[in-house]
Amino acid sequence: MNKNKVKILYVCRLFNGLETSVDTKLWSPTGVPTIYRMIEALDKNERYHLELIFTSKEEQRYCNKSFVNKLKIKGISSRITVLSAFGHSFGRFGKVLCELFHIGYILKKVLFNGYDIFYTDHANIFSASIISRFKITPVLFRVMGVYPMMRRVISHSSNTNSLLRWCYKSPFSSVICTQDGSGIETWLECALAKTVPVYKLINGVDYIEPSMIDIQDIHDFHDIPIDKFIILYIGKLEVIKGIYDFIEGFLMANEKINGRLHAVIIGHGDQSRKVSNLLEGRTNFTLIPRVKHNEIFKFHAISDLYISPNRLANLTNSNLEAMQSGACIAIPESQLDTGVDLVTDKMVTNTSVYRYNFPPTPSVISQVIINLYHNSDLRKALSENIVFESSRFITSWNERIKLEVDILDKITK
């Protein structure tokens with residue numbers, strides 16, 4: 001290794017979108033573009049020497065082999081280590097044991113390998129806090145939006161929350177937070193030390209316009225009807241992300257519109273099996289667990305309406321891609337009590353997205369579908385306006401990643 005290179009230890013959770021790459025030993029991520037695109041950029045950057053650690057925080061199929069899995073993934077030159085979770089066999093203390101194991105392994109790596117920067121995510125906050133507080137090496141802490149658990153840490157008293165509040169106040173070299181509409185502003189101000197530099201970045205989109213052949217191929221390959229009104233859902237199959245509200249709302253609307261609708265659901269998550277069982281035998285649904293990012297725009301091209309029932313944020317990757325695709329988009333209104341989507345209100349107006357009453361219950365979603373189904377002029381206007389409005393704040397992924405690399409450069413110079 002060139003001694004003049006900046007040594008980075010990049011530690012992040014083993015996200016579902018990275019599992020396939022770890023399992024097949026071929027770099028083919030299907031999610032978390034914020035993570036995998038930064039990894040790719042640093043892996044190719046001549047200035048940096050990158051080492052990767054993926055930490056599994058729950059049982060995942062790959063991580064049953066051993067506690068420390070060192071591997072080579074084709075398409076990435078950097079060294080990769082996967083740290084396992086302990087699984088349910090260790091009882092209720094398994095999560096604590098797992099966390100202690102991860103912390104110990106990471107600390108040993110940092111202490112004995114002379115890294116110039118430790119770059120990590122929220123899933124590894126304990127390691128980040130210890131390393132930054134003992135000034136072992138500069139720490140760049142990465143936050144991918146702010147969610148209810150993180151807010152409860154600030155507002156609720158318990159031993160665990162007190163520990164996490166102490167961790168958040170650590171003297172990080174910098175904090176980068178994804179601006180996803182989750183109400184990050186208030187949390188960042190309350191949670192972090194005032195002296196820590198904070199950067200709020202919106203994710204990028206690399207829009208690829210599908211051809212007519214692409215569109216026909218999507219219909220044929222997934223057996224999606226061409227004579228139905230297509231409604232698209234993209235996101236994790238989780239209760240909080242509104243998957244059941246979407247399904248029930250769709251069924252209510254489809255009954256009222258005499259079966260003229262078809263739903264395409266793209267995603268996976270902790271409700272995957274239940275959702276699959278629920279939809280089994282229903283011909284008016286197409287369920288697709290994973291789609292490569294460069295194919296997602298084909299599904300927007302065949303769809304008439306994109307609905308986000310997400311209660312947590314609506315400047316997510318999926319929604320940004322929908323905006324640049326020129327989709328007719330329906331999202332819930334902002335939430336004053338948590339700050340969720342207040343920034344979204346400033347960035348996209350009601351002339352470019354259809355806002356519906358919060359919370360996104362089945363009856364509300366049903367009415368949204370019915371209203372937009374019967375109003376093609378409104379759908380067309382929303383579709384045209386969202387491309388223009390979103391282009392003012394959505395950049396390409398190359399531009400977005402360059403901003404993050406520039407922050408790294410500031411820390412390591």
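Residues numbered from 1 in each chain as written. Predicted model: local features only at pLDDT ≥ 70, side-chain atom pairs only at ≥ 80, totals over all residues. Heavy atoms only, no water.

Student: For the pattern of salt bridges, give the residues involved together with the corresponding values.
Tutor: For the structure shown, the criterion picks out twelve salt bridges. The salt bridge involving Glu-51 is made with Arg-79; its shortest N-O contact spans 2.6 Å. Of this pair, Glu-51 sits in strand β2 (residues 48–55) while Arg-79 sits in strand β4 (residues 79–83), and the two are 28 residues apart along the sequence. By relative accessible area, Glu-51 is classed as buried at 3%. One salt bridge connects Lys-57 with Glu-99, and the closest N-O pair in it is separated by 3.1 Å. With a gap of 42 residues between them, Lys-57 in the loop between β2 and β3 (68–71) and Glu-99 in helix α3 (residues 94–113) connect regions that are remote in the sequence. Taking the relative accessible area as the measure of exposure, Glu-99 reaches 16% and is therefore buried. When salt bridges that share partners are traced, they join Glu-51, Arg-79 and Lys-109 into one network. (Salt bridge = Lys/Arg side-chain N within 4 Å of Asp/Glu carboxyl O. Helix = DSSP H or I, 4+ residues; strand = E, 2+ residues; numbered from the N terminus. Buried < 20%, exposed > 50% of the residue type's maximum accessible area, 1.4 Å probe, protein only.)

Student: An account of unusual backbone geometry is needed here, citing residue identities and associated values.
Tutor: Cis peptide bonds are those with omega within 30 degrees of zero, and the linkage from Phe-358 to Pro-359 qualifies with 5 degrees. Examined against the element boundaries, Pro-359 turns out to sit in the loop between β14 (354–356) and α14 (362–373). In this structure, Lys-25 is a non-glycine residue whose phi angle is positive, near 60 degrees. Relative to the assigned elements, Lys-25 resides in the loop between α1 (16–24) and α2 (33–44). The class for Lys-25 is partly exposed, based on a relative accessible area of 31%. You will see that Lys-135, though not glycine, has its phi angle at about 50 degrees, which is positive. Looking at the secondary structure, you find Lys-135 in the loop between α4 (125–133) and β6 (139–143). The class for Lys-135 is exposed, based on a relative accessible area of 67%.

Student: Please provide a residue-by-residue account of the packing of helix α9 (residues 243–256) against α14, values included.
Tutor: Where α9 meets α14, the axes come as close as 7 Å, and the angle between the chain directions of the two elements is 50 degrees. One element, α9, and the other, α14, form an angle in the oblique class. For the pair α9 and α14, the sense of crossing is right-handed. Between α9 and α14, the contacting residues are Asp-245, Phe-246, Glu-248, Gly-249, Phe-250, Met-252, Ala-253 and Lys-256 on the first element and Pro-362, Ser-363, Ile-365, Ser-366, Ile-369 and Ile-370 on the second. In terms of residue class, the contact of α9 with α14 is made up of eight nonpolar, three polar and three charged. (Axes fitted to C-alpha atoms, helices over the stretch in contact; angles between N-to-C directions. Parallel < 35°, antiparallel > 145°, perpendicular 65-115°, else oblique. Left-handed = near helix turned anticlockwise from the far one by under 90°. Contact = heavy atoms within 4.5 Å. Nonpolar A, V, L, I, M, F, W, Y, C, P; charged D, E, K, R; others polar.)

Student: Any details on the side chain of Gln-271? Residues and values, ideally.
Tutor: As for its placement among the helices and strands, Gln-271 is situated in the loop between β10 (261–266) and α10 (272–279). For Gln-271, a relative accessible area of 12% corresponds to the buried category. Apart from the residues lying within four places of it in its own chain, the contact partners of Gln-271 are Leu-237, Glu-238, Val-239 and Tyr-244.

Student: Summarise the sheet that holds β4; cite the residues concerned and give the values.
Tutor: Taking strand neighbours across the sheet as the criterion, the eight strands line up as β3-β4-β2-β1-β5-β6-β7-β8 in an open arrangement whose pairing is mixed. Looking at the sheet topology across the chains shown, the edges are occupied by β3 and β8 (198–201). On average, each strand axis in the sheet is inclined to that of its neighbour by 20 degrees, with strand direction left out of account. By the bridge criterion, eight bridges tie strand β1 (residues 6–13) to β2 in an arrangement that is parallel. If you follow Cys-12 over to β2, its bridge partner there is Phe-54. Across the sheet, α3 is in contact with β1, β2, β3, β4 and β5 (117–121); its angle to β2 comes to roughly 165 degrees. Sitting on the sheet, helix α7 (residues 184–191) touches β7 (174–178) and β8, and the angle it makes with β8 is about 165 degrees. (Pairing = 2+ DSSP bridges.)

All quantities given are derived from atomic positions and should not be read as evidence of function.
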